[in-house]
Amino acid sequence: MENENASKRIEELRELLNKYNYEYHVLDNPTVPDAEYDRMMDELLKLEEEHPDLRTEDSPTQRVGGPPLEGFQKVEHRVPMLSLGNAFGEEDLRDFDRRVRDRIGENFSYVCELKIDGLAVSLIYEDGRFVRGATRGDGTIGEDITQNLKTIPAIPLRLSEQVSMEVRGEAYMPKPSFMKLNEEREKNEQDLFANPRNAAAGSLRQLDPKIAASRNLSIFVYGVGTVDGKEIDSHSDGLDYLSDLGFKTNPEWKRCDTIDAVIDYIEGWSERRPDLSYEIDGIVVKVDSLEQQEELGFTAKSPRWAIAYKFPAEEVVTKLLDIELNVGRTGVVTPTALLEPVLVAGTTVQRASLHNEDLIKEKDIKIGDYVVVKKAGDIIPEVVSVLEERRTGEEQGFAMPETCPECESDLVRLEEEVALRCINPKCPAQLREGLIHFVSRNAMNIDGLGERVITQLFREELIHDVADIYQLTHEQLIELERMGEKSVANLLEAIAVSKDNSLEKLLFGLGIRHVGSKAAKTLAQQFGTMDSMMEATVEDLEAINEVGQKMADSVVRYFQNEEVHELVDELKAAGVNMTYKGPKPVSVEDIDSVFAGKTIVLTGKLSQMSRGDAKKKLEEQGAKVTGSVSKSTDLLIAGEDAGSKLEKAESLNIEIWDENKFVEELAK
Ligand code: IVH
């Protein structure tokens, strides 16, 4: 066929195939027999083969899965992918509703949606074409899984409008596909997937896209990350817009005007949950209006305008076989229950942390007991209680040892702590746990260097401290169990890549007590380099808003240690980056505004702007806006109908402004 005719026919076939695909996989309403679809696909494949210049990335032929990748690229999300706060019962939901009403008044509605139990993904479209898809990763940086996502027929490769946007959704494996997959795996004597979520995640994290293509995955999209040139007023309008563009949204969502209506929706779905052809693990409740969402804003971890109700955990009975002791990174010795393996909420459980001796006494747990086990938040196994009526008299009580199970140093109980600690800084268990922490996702994020490999390297004495990781060689790694040429190459590459991490990842990875990942970011931002971080005094540190005395002391004490200096020098010599690479904070002293450096609370209704906008403007001018009035509040801005916060501010003699005064000062 000539080029011109071929081009016309190719376009025709693509449009028809896209339409049939949409009808089948999004609308669940096929209009042509499979054979007809296959015939057209063959024709298109053939034409594209004859005219390679007419091939495009968004052609339906591109779904079949191209050649395997070497590894996944990391990609930074344009807008962080946050997670949601959880509600475990009616009381939590009513608390959430109260918090929302306190901030935005009574005039709003919720949207309730099913919480799909799959894998969160971000999809990027440019001019209506699917260009990239990524996993959530740590929320800031995910992995590029475009090739795998393209194999999901419910993801449109072209939209009905030429918009540029980011869309978020949950990729999942339908229950029947999961059952079939596991049946096949059983036949082939392969390991079974514990649940559909793991199966979906495992399929999308395969380097060979043909595997994902064979796994029958689907997706429900539930939100717009960013969109160019389109005004959307509410989440529900957003969902309608997504459907119009050709996406598969979940049809069961519902607008609810009151929290009672939300609770009814939840009760309904708690019963109907088994009838669905896909797994859900809860219900997501969102404030519908986007303006009100903005007004509510975010906490450090999650939006204030939404919450995830989690279905109650399944409880099962099993036998507690023994109690094992583990020494953690900070030397805390934790007792762990070893259980007779039992299936809970889709996965097999054989261990559960018992936290500390007090808890064991409180629950009167003995070795040999039959115990009730559940998964807290459906993730972490927990021993709920003991079935005393099933005791035979053979059970044995448990007491914590006096010495460390790893290094035999005396254990100590620090003031005000329930935990017992090994305080030997050279305790091998602590060193190993410290290494595992260093490579973990929120720290240096070194793929391929998990607990198993670290333990092997440590046992073989190839690594003693974190700096040794950067001295590992091909010859050493290839000797380890289950390590091939490819995994060694990938691992060395991942180690090399981690050298370029921004300073906060390293700071968090060092495992300084009281310095979590968020605090590490604040410190890196404030000090900019490891050298100035190491010179910081307690006063310098305490001058930072988010840093309290405990953290300040701990940081200074950590960097006083000569061995830490040696370690940092070794890391430097290995080429590990020692500077902060993110956006620079503006110092409050540089801002010429009455609001700079003040702690401010907003309350009541503002008439000239939303509370969200007011907060943003104040923060731009260097203020810290908090939710409740306390002694450290410098100023209260009170709109109309201000209530208890106004009273409290009056009683604490805090300066109070009305909206007019606020707007006047803002304009200066
Ligand atoms: S909204 C800011 N809606 O649940 C976060 N999430 O912690 C907005 N999920 O990681 C998320 N179904 O992967 C939203 N209908 C739904 C969802 C949903 C499943 C997942 C999502 C997220 C987690 C919430």
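Residues numbered from 1 in each chain as written. Predicted model: local features only at pLDDT ≥ 70, side-chain atom pairs only at ≥ 80, totals over all residues. Heavy atoms only, no water.

Draft legend 1. Quick peek at the overall build of the protein chain. Helices and strands together make up the secondary structure of the protein chain, namely 24 helices and 22 strands. Here the C-alpha radius of gyration of the protein chain, 28 Å, is about what a compact globule of 668 residues would show, namely 26 Å. In terms of overall dimensions, the protein chain has C-alpha extents of about 80 × 70 × 60 Å along its principal axes. A burial count over the protein chain gives 46% of its 668 residues as buried. Counted over contacts in the protein chain with a minimum sequence separation of 6, partners at least 24 positions apart contribute 67%. Surface accessibility of the protein chain: about 34,300 Å² in total, with carbon and sulfur atoms responsible for 46%. The average position of the 81 basic charges and that of the 127 acidic charges among the side chains of the protein chain differ by 1 Å. (Helix = DSSP H or I, 4+ residues; strand = E, 2+ residues; numbered from the N terminus. Rg over C-alpha atoms; globule rule 2.2 N^0.38 Å. Buried < 20%, exposed > 50% of the residue type's maximum accessible area, 1.4 Å probe, protein only. Contact = heavy atoms within 4.5 Å. Areas by Shrake-Rupley, 256 points an atom, 1.4 Å probe, with all protein chains shown as cover. Lys, Arg positive; Asp, Glu negative; His and termini not counted. Charge placed at Lys NZ, Arg CZ, Asp CG, Glu CD.)

Draft legend 2. Seen up close, the packing of helix H12 (residues 428-439) against helix H13 (residues 451-459). Direction vectors running N to C along H12 and H13 enclose 135°, while the axes themselves pass 10 Å from each other. Comparing their axes, H13 and H12 come out oblique. For the element pair H12 and H13, the recorded crossing hand is right-handed. Residues Pro428, Leu431, Arg432, Leu435, Ile436 and Val439 of H12 pack against Glu451, Ile454, Thr455 and Phe458 of H13. (Axes fitted to C-alpha atoms, helices over the stretch in contact; angles between N-to-C directions. Parallel < 35°, antiparallel > 145°, perpendicular 65-115°, else oblique. Left-handed = near helix turned anticlockwise from the far one by under 90°.)

Draft legend 3. Examining the site of the ligand more closely. Inspection of the region around the ligand gives 13 residues, with Leu84, Glu113, Ile116, Glu170 and Lys286 positioned closest. Residue glutamate 113 places a side-chain N or O atom 2.6 Å away from a nitrogen atom belonging to the ligand. Here a nitrogen atom of the ligand and a backbone polar atom of isoleucine 116 are 3.1 Å apart. Burial of the ligand by the protein chains amounts to 86% of its free accessible area of 520 Å². For the shell around the ligand, the secondary-structure elements that each account for two or more residues are strand E3 (110-116) and strand E10 (280-287). Ranked by residues supplied to the shell around the ligand, first place goes to E3 with four residues. Grouping the amino acids of the shell around the ligand by side-chain chemistry returns eight nonpolar, one polar and four charged. (Near = heavy atom within 4 Å. Polar contact = N/O pair within 3.5 Å; in protein donor to acceptor, adjacent residues only side chain to side chain. Nonpolar A, V, L, I, M, F, W, Y, C, P; charged D, E, K, R; others polar.)

Draft legend 4. Layout of the packing of aromatic side chains. With the rule as written, the count across this model stands at 12 aromatic pairs. The interplanar angle of 80° and the centroid separation of 6.1 Å between the aromatic rings of phenylalanine 298 and tryptophan 305 together place this pair among those described as edge-to-face. Exposure remark for tryptophan 305: the relative accessible area of 16% places this residue in the buried category. Aromatic side chains phenylalanine 595 and phenylalanine 662 sit 5.9 Å apart centroid to centroid with 75° between the ring planes, which places their arrangement in the edge-to-face category. (Phe/Tyr/Trp six-rings, centres within 6.5 Å; stacked < 30°, edge-to-face > 60°.)

Draft legend 5. Inspection of the environment of methionine 165 at higher detail. By the element assignment, methionine 165 lies in strand E7 (residues 165-172). Separated by 464 residues in sequence, methionine 165 and valine 629 have C-alpha atoms that sit 39 Å apart. The residues touching methionine 165, leaving out its near neighbours within four places in the chain, are Leu123, Ile124, Tyr125, Leu159, Val224, Thr226, Val227, Tyr241, Leu242, Leu245 and Phe247.

Draft legend 6. Spatial organisation of the pattern of salt bridges. Enumeration according to the criterion identifies 35 salt bridges in this entry. Among the salt bridges present, the one from arginine 14 reaches glutamate 48, with a minimum N-O distance of 2.8 Å. With a gap of 34 residues between them, arginine 14 in helix H1 (residues 3-25) and glutamate 48 in helix H2 (residues 34-50) connect regions that are remote in the sequence. Both residues of the pair, arginine 14 and glutamate 48, count as buried. (Salt bridge = Lys/Arg side-chain N within 4 Å of Asp/Glu carboxyl O.)

Draft legend 7. Summary view of the pairing of strand E12 (residues 315-327). As paired elements, E12 and strand E13 (residues 332-344) share seven bridges and run antiparallel to each other. Across the sheet, residue valine 327 finds its bridge partner in E13, namely valine 333. Between the antiparallel neighbours E12 and E13 lie four residues, among them glycine 331 with a positive phi of about 90°. (Pairing = 2+ DSSP bridges.)

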